[in-house]
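Below are the chains, spelled out letter by letter.
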Amino acid sequence: MVAFSILDIKEFMHILLRTDTFDSFLLTEGSITTYMTWLLDGHSHAGFFSPEDGPYALASQEAYVPFALVRPACFDLIKGKRAPSSFKFVFMLSSENQRRTIASIQSSFAPEDVTGMYLNLKYQNQQLLCTTGVSCRIFSMDKSLEQGWDGLVRRFFKKHQIACEMLS
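Residues numbered from 1 in each chain as written. Predicted model: local features only at pLDDT ≥ 70, side-chain atom pairs only at ≥ 80, totals over all residues. Heavy atoms only, no water.

Asker: I'd like to hear about the overall build of the protein, residue by residue, with values.
Answerer: Of the regular secondary structure elements, the protein holds 5 helices and 8 strands. In terms of overall dimensions, the protein is globule-like: its C-alpha atoms have a radius of gyration of 16 Å, near the 15 Å expected for 168 residues. Within the protein, the proportion of its 168 residues that are buried is 42%. Sequence-distant contacts in the protein: of pairs separated by 6 or more residues, those separated by 24 or more amount to 67%. (Helix = DSSP H or I, 4+ residues; strand = E, 2+ residues; numbered from the N terminus. Rg over C-alpha atoms; globule rule 2.2 N^0.38 Å. Buried < 20%, exposed > 50% of the residue type's maximum accessible area, 1.4 Å probe, protein only. Contact = heavy atoms within 4.5 Å.)

Shown next, in the form of structure tokens:
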């Protein structure tokens, strides 16, 4: 696990809410506090969609919804003259992206050993922090998967020109 401080919060918020950069992540949970707190439960209810709907395929295969479905509502809650008091988003890789990521890291972990690869965003007191995390079904002293995930997140930020600094 590593933690990053996002240096340009305004630009990051533009990337998060106005571009598709984070759309492929699943949203497991979130909260947005403005004049009240909005709680987001990312559990997917695939029965809401019909098979003809674009989101149906992914929503019917995953336990959580893609951020792409939630992003417009989050934008509507956050936009305005005042910044929110706080927010939190817990993102997770989809099953397919997780399998590809595990393979690219060339870790000793099998896809079925990993329950989730996470990216957590927390904004509070005018600071935006991002932490990474990996959840496994098995205990192992092997940290290669976590280190590989941390490195991929760093490259993801660099590719999308997200200014950040790693915290110790």
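Asker: An account of the pairing of strand β6 (residues 114–124) is needed here, citing residue identities and associated values.
Answerer: Alignment of strand β5 (residues 86–92) against β6, held across 7 bridges, turns out to be antiparallel. Bridge pairing in β6 places K88 opposite K122. In this sheet, strand β7 (residues 127–136) lies alongside β6 in antiparallel orientation, the contact comprising 10 bridges. Residue L121 lies in a different strand from β7, and its bridge partner there is C130. (Pairing = 2+ DSSP bridges.)

Asker: Summarise the packing of aromatic side chains; cite the residues concerned and give the values.
Answerer: For the structure on display, the rule yields 14 aromatic pairs. Relative to F22, the ring of F12 has its centre 5.6 Å away and its plane inclined at 65°; by these criteria the two rings are edge-to-face. In this pair, F12 sits in helix α1 (residues 9–18) while F22 sits in the loop between α1 and β2 (26–33), placing the two residues 10 residues apart along the sequence. Taking relative accessible area as the criterion, F12 reaches 1% and is therefore assigned buried. One aromatic cluster is present, formed by F4, F12, F22, F25, F67, F87, F89, F91, Y123, F156 and F157 through successive ring pairs. One cation-aromatic arrangement involves R18 over F75; the distance from NZ or CZ to the ring centre is 4.3 Å. (Phe/Tyr/Trp six-rings, centres within 6.5 Å; stacked < 30°, edge-to-face > 60°. Lys NZ or Arg CZ within 6 Å of the ring centre and 35° of its normal.)

Asker: A description of the environment of F91 should follow, citing residues and the corresponding values.
Answerer: Mapping F91 onto the fold places it in strand β5. Linking F91 and Q161, residues 70 residues apart in sequence, is a C-alpha distance of 19 Å. Every residue in contact with F91, bar those within four places of it in the chain, is listed here: L16, F22, F25, L26, L27, F67, M117, Y118, L119 and L121.

Asker: How would you summarise the packing of helix α4 (residues 95–105) against helix α5 (residues 144–159) if you had to cite specific residues and measurements?
Answerer: At a closest axis distance of 10 Å, the pairing of α4 and α5 adopts a crossing angle of 105°. With respect to each other, α4 and α5 are oriented roughly perpendicular. Residues T101, I102, S104 and I105 of α4 lie in contact with α5, whose contacting residues are S144, L145, G148, W149 and L152. Taken together, the residues of the contact of α4 with α5 break down into 5 nonpolar, 4 polar and no charged. (Axes fitted to C-alpha atoms, helices over the stretch in contact; angles between N-to-C directions. Parallel < 35°, antiparallel > 145°, perpendicular 65-115°, else oblique. Nonpolar A, V, L, I, M, F, W, Y, C, P; charged D, E, K, R; others polar.)

Asker: If you had to explain α5 to someone new, which residues and values would you point to?
Answerer: A rise of 1.5 Å per residue sets the reference length of α5, with its 16 residues, at 22 Å; its end C-alpha atoms lie 22 Å apart and thus fit the reference within 8%. Among the residues of α5, those classed as buried are L145, G148, W149, D150, G151, V153, F156 and F157. Those residues of α5 hidden inside the fold are in contact with β1 (3–6), α4, β6, β7 and β8 (164–167). Looking one or two places after α5, you find Q161, whose phi comes out positive at around 55°. (Expected span 1.5 Å × (residues − 1).)

Asker: Residues and numbers for the packing of α1 against helix α3 (residues 67–78), please.
Answerer: For the pair α1 and α3, the least separation of the axes is 8 Å and the interaxial angle reads 130°. It follows from the interaxial angle that α1 and α3 lie oblique. On the side of α1, the interface is formed by M13, L16, L17 and R18, while α3 contributes F67, R71, C74, F75 and I78. A per-class count over the contact of α1 with α3 returns 7 nonpolar, no polar and 2 charged.

Asker: Run through α4, naming residues and quoting values.
Answerer: When we look at burial in α4, the residues that qualify are N97, Q98, T101, I102 and I105. Looking down the long axis of α4, one finds its buried residues gathered within 135° of arc, a one-sided arrangement. Where the residues of α4 are buried, they touch β6 and α5. Phi turns positive one or two residues past the end of α4, at Q106, with a value near 60°. (Arc of directions from axis to C-beta.)

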